[in-house]
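The primary structure of each chain is shown beneath.
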Amino acid sequence: MPKLDKLEVIAGTVVEVQIIERQLESAPPLGGEGKATAAIIGRQRIFLDGPGVADPHYDFDRCELAVRREQEIAFARIPAGKGGKPVHVMLVNRTMGTQWPFIEAIDRLAPPPGLGVTAKAIGVALLAGVVAFLLFAFVIMRDAMLQSMIVAALVAGAAFLVAWVVFSALRLGDAKRRRESVTAAVMQRLMQAPVKTAS
């Protein structure tokens, strides 16, 4: 389960929305064929009214969620460290029932546990190499140490490649599950955050 104890949730009613910066970004075509695509990426400045709204406006970079006046929104962010600015995790338009997750921040909330793919593959390769060396040096090719070391190195290299591919595939699936878990938990907190118009 992701650690959401440091998550700051802010909710309120939109007073005004401004697009304060736009830039055209082009992306290379998928698969290297066809035309390049272009997208207008902007920065939204949303002015909020509500209890606990400390700042009159909040800026959202690279966010394409439609937000209009008098709609209720909520967003979650990771508070800033020393000298930094807060990192937005998710913006939800509760009136429309739409959301915009910030994937990099969501991934920061649920880092992968344990060792990385390469470290695990190296461990498997070392184990396979040692087993191959012992098997060839003392059972199959007795007293042929050089040949046993060469075979062990080849087995370790093959084991590394296979283990790296397997662990990478498992990690991709695990990353997707962690991302979905964090997104659901953050969404639940945002939907339950109280929104009242300040009087």
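S.K.: Now, about the environment of Leu91: what can you tell me, with residues and values included?
M.R.: Relative to the elements of secondary structure, Leu91 occurs in strand E5 (residues 87–93). The exposure class of Leu91 is buried, given its relative accessible area of 0%. Sequence separation between Leu91 and Cys63 is 28 residues; the distance between their C-alpha atoms is 8.6 Å. When sequence neighbours within four positions are dropped, the list of residues in contact with Leu91 reads Ile46, Phe60, Cys63, Leu65, Val67, Ile73, Ala74, Phe75, Thr98, Gln99, Trp100 and Phe102.

S.K.: Outline the confidence of the model for the protein, supporting the account with residue identities and numerical values.
M.R.: In the predicted model, the protein carries a mean pLDDT of 76, and 78% of its residues have values of at least 70. Mean pLDDT across the secondary structure elements of the protein bottoms out at strand E2 (residues 37–49), with 70, and peaks at helix H2 (residues 117–140), with 85.

S.K.: Report on the environment of Met141, specifying residues and quantitative values.
M.R.: By the element assignment, Met141 lies in the loop between H2 and helix H3 (145–192). Exposure remark for Met141: the relative accessible area of 27% places this residue in the partly exposed category. Once residues within four sequence positions are removed from consideration, Met141 is found in contact with Phe136, Gln147 and Ser148.

S.K.: Describe the packing of aromatic side chains, with residues and values.
M.R.: Evaluation of the coordinates by the stated rule reveals two aromatic pairs. Ring centres 5.0 Å apart and planes at 85 degrees place the aromatic pair Phe60 and Phe75 in the edge-to-face group. With Phe60 in strand E3 (residues 57–61) and Phe75 in strand E4 (residues 72–78), the pair connects residues that are 15 residues apart, well separated along the chain. Judged by its relative accessible area of 1%, Phe75 is buried.

S.K.: Which residues make up the environment of Val89, and what are the values?
M.R.: One can find Val89 in strand E5. Classification of Val89 as buried rests on a relative accessible area of 0%. Excluding residues that lie within four positions of it along the chain, Val89 makes contacts with Leu7, Ala76, Arg77, Ile78, Trp100, Pro101, Phe102, Ala105, Ile106, Leu109 and Val186.

S.K.: Got a sec to walk through the side chain of Ser148? Specific residues and values, please.
M.R.: Residue position: Ser148 is located in helix H3. Once you skip the residues sitting within four places of it in the chain, Ser148 turns out to touch Phe133, Phe136, Ala137 and Met141.

S.K.: Residues and numbers for the nonpolar core, please.
M.R.: Residues Ile46, Leu48, Phe60, Val89, Leu91 and Val186 are the most contacted members of the largest nonpolar core, which totals 29 residues. Listing elements by their share of this core, those giving two or more residues are strand E1 (8–27), E2, E3, E4, E5, helix H1 (103–109) and H3. Broken down by element, the residue count for this core peaks at five residues, all from E4.

What counts, and at which threshold
Residues numbered from 1 in each chain as written. Predicted model: local features only at pLDDT ≥ 70, side-chain atom pairs only at ≥ 80, totals over all residues. Heavy atoms only, no water. Helix = DSSP H or I, 4+ residues; strand = E, 2+ residues; numbered from the N terminus. Buried < 20%, exposed > 50% of the residue type's maximum accessible area, 1.4 Å probe, protein only. Contact = heavy atoms within 4.5 Å. pLDDT = per-residue confidence, 0-100. Phe/Tyr/Trp six-rings, centres within 6.5 Å; stacked < 30°, edge-to-face > 60°. Core = buried A, V, L, I, M, F, W, Y, C linked by side-chain atoms within 4.5 Å.

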